[in-house]
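Each chain is listed here by its residues.
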Amino acid sequence: MGKDNKKIAKKLKPAKLVKATKKEVVKAVKTERKTKNRKEAVKKELEPIVLQAPRGMKDILPEDQPYWEQTRRVTEKLARDYGFSRIDTPLVEFSNLFNRSIGDGTDVVEKELYSFATKGGDKVALRPEMTAGVARAYIQHGMNVLGKPVKLFSTGHVYRHDRPQEGRQREFYQINYEAFGEQDPILDAQMIQVATRVVQSLGIKAVQIQVNSIGCPVCRKDYKDLLVSYLESKSNKLCVDCKRRLDVNPLRVLDCKEDKCSQVAASAPQSVDHLCEECRVHFKNLLEYLDELDLPYTINPRLVRGLDYYTKTVFEIWSGSEEGRKSALGGGGRYDGLVKLLGGEATPAIGFALGAERLIIEMKRVQAKSYKGLKPKIFLAQLGEMAKKKSLRLFSELEKNGILVAESFGRGSLKSQLRVANRLGVEMTLILGQKEALDGTVIIKNMISGEQETVSSAKLIDLVKRKLKNDNVVVYHDNHDNH
Ligand code: AMP
């Protein structure tokens, strides 16, 4: 008898089993087990469903979709304009991809990773950012043979098990631009330009660009030693987290939000003062390109970014106004060592991500415009069983011809349908009644003048097209440029 079964047997009434044979005990155990499973199933069934999205995750409701649509349109257009091709990678990757690339000592990996073992035993994690997955795909698909730089654009949800607050969620949406194969700082400047263009094209005109250089592994090693000895001398003034960071990720102490750590960081040695010649020239050239582009920037010596893979340039995009500057809208940097670290050939690269939720919060704050979809100018009303059936087909014919139509098929009375048409502010209503259904005609009612005319169904589409101005007709291939 297994361990579980022994437990069950113990619980069974001894009086019943005292004279039982082994076979009878096994049978009793089986019956008891079945009853237990049934009870558990019933209990589970009765457990109330929590009607709430998981903590830190949000539904994006229809009323917010115009902001999302605007964000999608602007980011996709700029990706195309600047030569990025779209790539989509899985939400899930093997966990060690993130451990190796982002780094074990980072908050993102150490505290915030949603990692789990699959039923097949694979150790996987929900992506906490996109660069690692895109770099993995770049290597896996041999994109190193493509003309450089290989520019890749990607959007989607990412997951970090962080403490939720305004602008900080556990599931959030990133818009990601990466460029592989170019080390010239002209590309760094162009990436910063793209990030700024996206934010400004969304209507957030006042933007602040923060830049810094954290050097390469060679110069950063010396700088890190210097920083650690400075921080150790002040360790009694650091928060508990930063005391720990001193060992695992000392650069991170510089951007700790705790007041006392900020004070220590203010007088800490700065990475830009300890760059090797190559990194110094790289940073100087980047700043010259930014000047050339008339992009005003602030050098923030405390900007280090949280992840291990960054080298040389790091940057963040913030709202230009004080009220909007609660957290960064986007950020990124160079990661010249990542592709090689993951097993590919040495490939310089740079990328950045913007957070859609934060962009949208700021768009709303500055009252930026959201996407306005086309509204139907025509309403289709029906009356009577036969007309109702025919109207379903007529609706689809209008739609196939690119004519946007509204309807309220479930309503029986013409009066209530016309009320809906009025509320929608359509220009004309097509009325299909019993008589028209039999005759093969449709009534066109001009909703402004109230005039009505009866036309043959065969000529209806052409007539409607003519009546509508050209810009109202085609809905699927609209070229509405919102910026
Ligand atoms: P990071 O690489 O962490 O700087 O993330 C890039 C961008 O993603 C940030 O600038 C934010 O816009 C956004 N972001 C990062 N973490 C969160 C979060 N927890 N919730 C919402 N947006 C986030």
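Check the entry above for the structure.
All values derive from a computational prediction rather than experimental measurement.

Reading the values: the criteria
- Residues numbered from 1 in each chain as written.
- Predicted model: local features only at pLDDT ≥ 70, side-chain atom pairs only at ≥ 80, totals over all residues.
- Heavy atoms only, no water.
- Axes fitted to C-alpha atoms, helices over the stretch in contact; angles between N-to-C directions.
- Helix = DSSP H or I, 4+ residues; strand = E, 2+ residues; numbered from the N terminus.
- Parallel < 35°, antiparallel > 145°, perpendicular 65-115°, else oblique.
- Left-handed = near helix turned anticlockwise from the far one by under 90°.
- Contact = heavy atoms within 4.5 Å.
- Nonpolar A, V, L, I, M, F, W, Y, C, P; charged D, E, K, R; others polar.
- Pairing = 2+ DSSP bridges.
- Near = heavy atom within 4 Å.
- Polar contact = N/O pair within 3.5 Å; in protein donor to acceptor, adjacent residues only side chain to side chain.
- Areas by Shrake-Rupley, 256 points an atom, 1.4 Å probe, with all protein chains shown as cover.
- Salt bridge = Lys/Arg side-chain N within 4 Å of Asp/Glu carboxyl O.
- Buried < 20%, exposed > 50% of the residue type's maximum accessible area, 1.4 Å probe, protein only.

**A closer look at the packing of helix 4 (residues 65-81) against helix 14 (residues 356-365)**
Where helix 4 meets helix 14, the axes come as close as 10 Å, and the angle between the chain directions of the two elements is 115 degrees. On the basis of the axis angle, helix 4 is roughly perpendicular to helix 14. Where helix 4 crosses over helix 14, the two elements pack in a sense that is right-handed. Here helix 4 contributes Tyr-67, Trp-68, Gln-70 and Thr-71 to the contact with helix 14, which in turn contributes Ala-356, Glu-357, Leu-359, Ile-360, Met-363 and Lys-364. Here the residues of the contact of helix 4 with helix 14 sort into six nonpolar, two polar and two charged.

**Quick notes on the sheet that holds strand 6 (residues 171-180)**
Read across the sheet, eight strands follow the order 1-5-6-11-10-9-7-8 without closing on themselves; strand pairing throughout is mixed. The open sheet has two edge strands, strand 1 (85-86) and strand 8 (297-299), and neither has a second partner. Bridge analysis of strand 5 (residues 150-159) against strand 6 gives ten bridges, and the strand direction is antiparallel. By the bridge assignment, Thr-155 is partnered in strand 6 with Ile-175. Across the face of the sheet, helix 8 (residues 185-201) comes into contact with strand 5, strand 6, strand 7 (207-213), strand 9 (311-319), strand 10 (330-334) and strand 11 (349-355) while running at roughly 15 degrees to strand 11.

**Regarding the site of the ligand**
In the vicinity of the ligand lie 14 residues, with Arg-160, Gln-169, Arg-305, Leu-329 and Gly-355 positioned nearest. Note that an oxygen atom of the ligand is positioned 3.2 Å from one of the backbone N or O atoms of Gly-330. Protein coverage of the free-state accessible area of the ligand, which is 470 Å², stands at 90%. Within the residue set of the shell around the ligand, elements represented by two or more residues are strand 6, strand 10 and strand 11. Class assignment for the residues of the shell around the ligand results in four nonpolar, six polar and four charged.

**Here's the deal with the pattern of salt bridges**
Enumeration over the complete set of coordinates arrives at 27 salt bridges. For Glu-76, the salt bridge is made with Arg-86, and the minimal N-O distance between the two is 4.0 Å. Remark: Arg-86 occurs in strand 1 and Glu-76 occurs in helix 4; sequence separation between them is ten residues. Looking at Arg-86, the relative accessible area reads 40%, which means it is partly exposed. For the salt bridge of Asp-241 with Arg-244, the shortest nitrogen-to-oxygen distance reads 3.7 Å. Of this pair, Asp-241 and Arg-244 both sit in helix 10 (residues 240-248), three residues apart, which is roughly one turn of the helix. Taking relative accessible area as the criterion, Arg-244 reaches 32% and is therefore assigned partly exposed. Connected through shared salt-bridge partners, Asp-107, Glu-110, Lys-111, Asp-241, Arg-244 and Arg-245 make up one network.

**Things to note about unusual backbone geometry**
With an omega of -5 degrees, the peptide bond between Lys-148 and Pro-149 qualifies as cis. With respect to the element layout, Pro-149 can be found in the loop between helix 7 (131-140) and strand 5. One non-glycine residue with positive phi stands out, namely Asp-294, at about 55 degrees. Along the chain, the position of Asp-294 falls in the loop between helix 12 (277-292) and strand 8. If you check the backbone angles, Lys-312 has positive phi at about 50 degrees while not being a glycine. Looking at where Lys-312 falls in the secondary structure, it is placed in strand 9.

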